[in-house]
Amino acid sequence: MSADTPTPTPPTPDSSALSAAATGPSEFVRLLRAQRVWDTELPEFAPAAAPAAPLPLFEQWFAEAVAAGQTEPHTMSLATADADGLPDVRTVMLHGADEEGWHFASHAGSRKGRHLAARPYAALGFYWPAQGRQIRVRGPVTVAPPEVARADLHARSTGALASALVGRQSEVLSSYEELERASDAAWDRARHEPDASAPSWTVYVLDPAEVEFFQGDARRRHVRLTYRRADGTWRKELLWP
């Protein structure tokens, strides 16, 4: 650089950046770190006294979640994978649990329906913070017979039937007004035809290969009891938290 070449002036730091740096973490991070988990008395869980199979324990914990005032204990996360193995997750409603497995429903042409057609395996996750409890279930998924899907659909509310009659789940929507028109027509039909059919409505049954029960502990000594099925029998194991 020659002697008469002016020396470049260093850039002036943006005042907003300086302000953010001076105040420390962002408002979002501050808010995030301020949250507390299980701000309530947590129940005891003695895994040695757990039943030999997971279903009775699931039913017991579900009843206890309802009694504890847990909001929407029948909702669960459903994880699937597409044809390329890429994962996806969403919240759905549990429609039943019995010796056949955990039941849920959707349209066969929905994203989850397409995933399960390509890869019929899924995982479920229940979270009941009122008691610091989680339940994880995973295993192969089968499709229930059509008559089961019809009975499931017509055992639900008028709104649920109307939603099923709209159909086209996961397809691209050109405008919200189009949805309003389709929904209004479906509600009208559901009220006048309570036995109306929605052919794509499908009940899926997840046959559990593994079920984990997680009981939170205030001292972070969480209890994790896993049931794994092999040769038709269940094996119980404790896991480190």
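About the criteria used
- Residues numbered from 1 in each chain as written.
- Predicted model: local features only at pLDDT ≥ 70, side-chain atom pairs only at ≥ 80, totals over all residues.
- Heavy atoms only, no water.
- Core = buried A, V, L, I, M, F, W, Y, C linked by side-chain atoms within 4.5 Å.
- Buried < 20%, exposed > 50% of the residue type's maximum accessible area, 1.4 Å probe, protein only.
- Helix = DSSP H or I, 4+ residues; strand = E, 2+ residues; numbered from the N terminus.
- Contact = heavy atoms within 4.5 Å.
- Patch = residues over 30% accessible without salt bridge, like charges linked within 9 Å, V, L, I, M, F, W, Y side chains within 5 Å.
- Areas by Shrake-Rupley, 256 points an atom, 1.4 Å probe, with all protein chains shown as cover.
- Salt bridge = Lys/Arg side-chain N within 4 Å of Asp/Glu carboxyl O.
- Axes fitted to C-alpha atoms, helices over the stretch in contact; angles between N-to-C directions.
- Parallel < 35°, antiparallel > 145°, perpendicular 65-115°, else oblique.
- Left-handed = near helix turned anticlockwise from the far one by under 90°.
- Nonpolar A, V, L, I, M, F, W, Y, C, P; charged D, E, K, R; others polar.
- 1 Å grid on protein atoms, 1.4 Å probe; cavity = no way out; pocket = protein on both sides within 12 Å on 5 of 7 lines; lining within 4 Å.
- Points joined across faces, edges and corners; volume = space filled by probe spheres on them.

Asker: Please explain the nonpolar core as it appears in this structure.
Answerer: The nonpolar side chains of a soluble globular protein tend to be buried, and buried together. Among the nonpolar cores identified, the biggest contains 27 residues, and Trp102, Phe104, Leu124, Phe126 and Ile135 are the most heavily contacted of them. Contributing elements (two or more residues each) for this core: α3 (54–67), β1 (75–81), β4 (101–107), β5 (121–128), β6 (133–143), β7 (201–206), β8 (210–215) and β9 (223–230). Here this core takes 5 residues from α3, the largest share from any one element. Apart from residues lying up to four places away in sequence, Ile135 is in contact with Phe58, Trp61, Leu124, Gly125, Phe126, Trp128, Val211, Glu212 and Phe213. If you look at the next biggest cluster of nonpolar residues, it comprises 15 residues, including Ala190, Ala196, Trp201 and Val205.

Asker: Explain a nonpolar patch on the surface to me, please; I cannot follow it from the model alone.
Answerer: Together, Leu173, Tyr176 and Leu179 line one region of the surface with nonpolar side chains, adding up to about 290 Å² of accessible area. Following the sequence through the fold, Tyr176 ends up in helix α7 (residues 176–192). For Tyr176, a relative accessible area of 54% translates into the label exposed.

Asker: Can you help me understand the packing of helix α6 (residues 158–166) against α7 in this one?
Answerer: Two quantities define a packed helix pair, namely the angle between the helix axes and the distance between the axes. The interhelical angle for the contact between α6 and α7, taken along N-to-C directions, is 125 degrees, at an axis separation of 8 Å. Relative to α7, the element α6 lies oblique. Note on packing geometry: the crossing formed by α6 with α7 is right-handed. Together, Thr158, Gly159, Leu161, Ala162, Leu165 and Val166 of α6 and Leu179, Ala182, Ser183, Ala186, Trp187, Arg189, Ala190 and Arg191 of α7 make up the contact between the two elements. When its residues are assigned to classes, the contact of α6 with α7 shows 9 nonpolar, 3 polar and 2 charged.

Asker: Where do I start with the layout of surface pockets in this structure?
Answerer: A probe matching the size of a water molecule, rolled over the atoms, marks out where space remains unfilled. As a volume, the largest pocket reaches approximately 290 Å³. Lining the largest pocket are 17 residues, with Ala105, Arg156, Ser163, Gln169 and Trp201 positioned closest to its centre. Mapped by element, the contributors of at least two residues to the lining of the largest pocket are β2 (87–93), β4 and α6. Tallied by class, the residues present in the lining of the largest pocket amount to 7 nonpolar, 8 polar and 2 charged. There is about 210 Å³ of room inside the second largest pocket. Lining the second largest pocket are Val166, Gly167, Arg168, Gln169, Ser170, Glu171, Val172, Leu173, Glu178, Leu179 and Ala182. No other element matches the 3 residues that α7 contributes to the lining of the second largest pocket.

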